[in-house]
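# Observations on the model geometry
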Amino acid sequence: MGTHSDTRGYPRFNRDFFESDERLTVIGEGQLGGKALGLALAKRTLETSWSPADFPNVRVEIPRMVVIGTEVFEAFMDHNALYAVALEDSSDERVVQAFLKAELPPQCVGDLRALIACVHRPLAVRSSGLLEDALNHPFAGVYATKMIPNNQAAVGERFRRLCEAIKYVWASTFFQDAKNYMRTIDHPIREERMAIIIQEIVGDQFDKRFYPIVSGVVRSHNCYPTGPAAPEDGVVSLALGLGKTIVDGGVCWTYSPRFPKHGPPYCSTRDLVDNTQTRFWSVSMEPAPYDPINEAEHLVQSELDVAEWDDVLRFTASTYDHNSDRLTIGTGVSGARVLTFGRILQLEDLPLNSVLVRLADCFKTSLGADVEIEFAATFDPRNGLPLRLGFLQVRPMMVAHDSVEILDEELHDQTALVVSNRVLGNGITRDVADIVYVKPSSFDSRNTTAIAGEIASFNTKLMDRNRPYLLIGFGRWGSSDPWLGIPSTWPQICGARAIVEATLPGIDVDASQGSHFFHNMTSFGISYFTVRHSDTPNINWGWLDRQQAVSETLFVRHVHLDRPLDIRVDGRRGRGIITHD
């Protein structure tokens, strides 16, 4: 099998989907798109470079998938005259409604109906745009993925839900976030072509929920190494359930694969318990309110007591004893469950970490660059092995290696606006004269969604004037949980050249680096400063407040400086400084 982007180099869809020997087949002509091409390359790499004999009772594979080529998308757009509504300044809801009313091209209908007739497992309908997963223009998380339970009794109903999901993902090509993102890379959205991936969801059914026991993201370069780890040792983020927890910037377990027994750097056991995952995502197998314009229509978020009922915590959880303030690996004693993945990482009852280390090395060699890998894994929840690891995505990382040195004494420069010893990125920026910042005096976690909207408005205005800016706010940028930070999507802040994540006593969370948000940021070379309120020095709020505001809202302030800021990041030491004249 080839690894080029034209669909003609790949087997046609076999209507015996699960009986076929081919794990990647195509419907229609055109291109595979970036995400599907990445999976095709991953499949080839696994076939040529992965040795299953090294890991008995472990199966690493690309979940079975069908790709709808880009020519089907073009036929759909042209036949239904959809470019008029897609290219104008329409709301996302109006675009989706127009797409849902449109007819699928006849050349794909027969194959899609045959597919759904023989498949009863939950399916993920994923975007695969021509620009997705390119190194210089990553689109991670910009387009949609829709998961469907595919468990209705009638074939016709399952077929209708599949068609709606396909149309939804096509519509996401023209959502406002995607349009804003295209502007940042100066690419006409009219030129984008969207292939579709229809792929089995890795997981098992537990009661009325379907999900993998473990999902994760592996990065071969660690932008925030802690403890004994170095940047080149990489980083892994793990979560219970669907990977939505990780890619949306939620709370997960993060560690260095070289030092899997070293957990995140919490100050105390109590602090660890308070800052680990407490909810997980799954596909609901129960009838849900009909809502085809909602990407998460069939997803449900549950508490850990539901996972305990499902009996999936034996290998993933530890137990907290409040009286002794200690954690015990596993669930053999009573107490609060804490997701530390202790039996996997500390006791090594499953070889998951060893598999991930080998995969990262394998694909880093294959692509000739640092990589980010998304995966999902299932195993016997009581006994462990056999382990099945589904390889969901691989994309290259942009890691800068230019030499920038920041000396210790520079961190105490009196003209410093921001100083941090936890910075992602590398290099020097001297063309930023605008600052958009969230006012500490009016910040409240209850208002983070409103704050995100105000910042998006500033972002649009500054981008229209081609003026990059420094963005300062509190908590995790891009988090799907508004209590962890400001839930901005990447296109809502994509005009920022440098971003500061600050903390306050009431919102003091660790930085997230396993999300789509961070992949886009590192690929564009945007500096990301983490500054805790307890750091000395940190942010010169007094100087900021003395600058005359160009514009000000209830929560956000915009200032323009006569001279640009000097933004310097020493990537080798993970430190950075922003100074003003």
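In the block above lies the structure referred to throughout.
Here is a short report on the structure shown in this document. Position numbers for residues count from 1 along each chain, tracking the sequence in the order it is written. Confidence filtering applies because this is a predicted model: local features only for residues at pLDDT of at least 70, side-chain atom pairs given and counted only at 80 or more, and all residues used for totals across whole chains, interfaces and linings. Derived side-chain values reflect all non-hydrogen atoms in the structure, with water molecules and hydrogen atoms excluded from consideration.

## Remarks on the overall build of the protein chain
Secondary structure follows DSSP: runs of H or I at least 4 residues long count as helices, runs of E at least 2 residues long count as strands, and numbering of each begins at the N terminus. Each helix and strand counted, the protein chain has 15 helices and 29 strands in total. Only the C-alpha atoms count toward the radius of gyration. The rule for a globule is 2.2 Å times the residue count to the power 0.38. Here the C-alpha atoms of the protein chain give a radius of gyration of 24 Å, agreeing with the 25 Å that 2.2 N^0.38 yields for 581 residues. Expressed along its principal axes, the backbone C-alpha trace of the protein chain runs to roughly 70 × 60 × 45 Å. Type-normalised accessible area, obtained with a 1.4 Å probe on protein chains alone, sets the label of each residue: buried when under 20%, exposed when over 50%, and partly exposed for intermediate values. Counting the 581 residues in the protein chain, one finds 58% classified as buried. Whether two residues are in contact is decided by their heavy atoms, any of which lying within 4.5 Å being enough. Look at the contacts in the protein chain between residues 6 or more apart in sequence, and 73% of them connect residues 24 or more apart. Summed over all atoms, the accessible surface of the protein chain reaches about 23,100 Å², with 47% contributed by carbon and sulfur. When charges are counted, Lys and Arg contribute as positive and Asp and Glu as negative, whereas His and the chain ends are disregarded. By convention, charge coordinates are those of NZ in Lys, CZ in Arg, CG in Asp, or CD in Glu. Between the centroid of the 57 positive side chains of the protein chain and the centroid of its 74 negative side chains there is a distance of 2 Å. Accessible surface is estimated by sampling points in the Shrake-Rupley manner with a 1.4 Å probe; for residues, cover comes only from the protein chains shown.

## A few points about the sheet that holds strand β14 (residues 317-321)
A strand pair is defined by DSSP finding two or more bridges across the two strands. Read across the open sheet, the three strands follow the order β15-β14-β16; overall the sheet is antiparallel. Each end of this open sheet is capped by a strand with a single partner; those strands are β15 (326-329) and β16 (336-339). Going across the sheet, the axis of each strand differs from the next one's by a mean of 40 degrees, ignoring polarity. In this sheet, β15 lies alongside β14 in antiparallel orientation, the contact comprising four bridges. With axes taken as lines fitted to C-alpha atoms, and helix axes fitted only over the stretch in contact, angles between N-to-C directions fall between 0 and 180 degrees.

## Focus: the packing of aromatic side chains
Here a ring pair, both rings aromatic, is described through the centre-centre distance and the interplanar angle of the planes. Centre distance within 6.5 Å is the pairing criterion for rings of Phe, Tyr and Trp, where only the six-membered ring of Trp is used; planes under 30 degrees apart are then read as stacked, over 60 as edge-to-face, and the remainder as tilted. In the structure shown here, the tally under the stated rule is 15 aromatic pairs. For the pair F73 and F174, a centre-to-centre distance of 6.4 Å together with 15 degrees between the ring planes defines the contact as stacked. Highlighted residues: F73 in helix α2 (residues 70-79) and F174 in the loop between α6 (155-171) and α7 (176-184), separated in sequence by 101 residues. Here R343 stacks its cationic end above the ring of F315, 3.8 Å away from the centre of that ring. By the criterion adopted, a ring carries a charge over it if an Arg CZ or a Lys NZ lies within 6 Å of its centre and within 35 degrees of its normal.

## Concerning the nonpolar core
Buried together is how nonpolar side chains tend to be arranged in soluble globular proteins. Ranked by internal contacts, the top residues of the largest apolar core, which has 96 residues, are F99, L112, W170, I435 and L470. Examining the composition of this core, we find that nine residues originate from one element, α6, more than from any other. Once residues within four sequence positions are removed from consideration, L112 is found in contact with I27, I68, L104, F159, L162, I166 and I198. One finds W50, I213, L240 and C362 within the second-largest nonpolar core, a separate group that totals 61 residues. Here, nonpolar core refers to any group of buried Ala, Val, Leu, Ile, Met, Phe, Trp, Tyr and Cys residues whose side-chain atoms link them within 4.5 Å.

## Some points on the state of the cysteines
By definition, a disulfide links two cysteine residues through a covalent bond between their sulfur atoms. In this description, the term disulfide denotes a pair of cysteine sulfurs within 2.5 Å. For the structure shown, the criterion picks out zero disulfides. Unpaired in terms of disulfides, C108 finds its nearest cysteine sulfur in C163, a separation of 7.3 Å.

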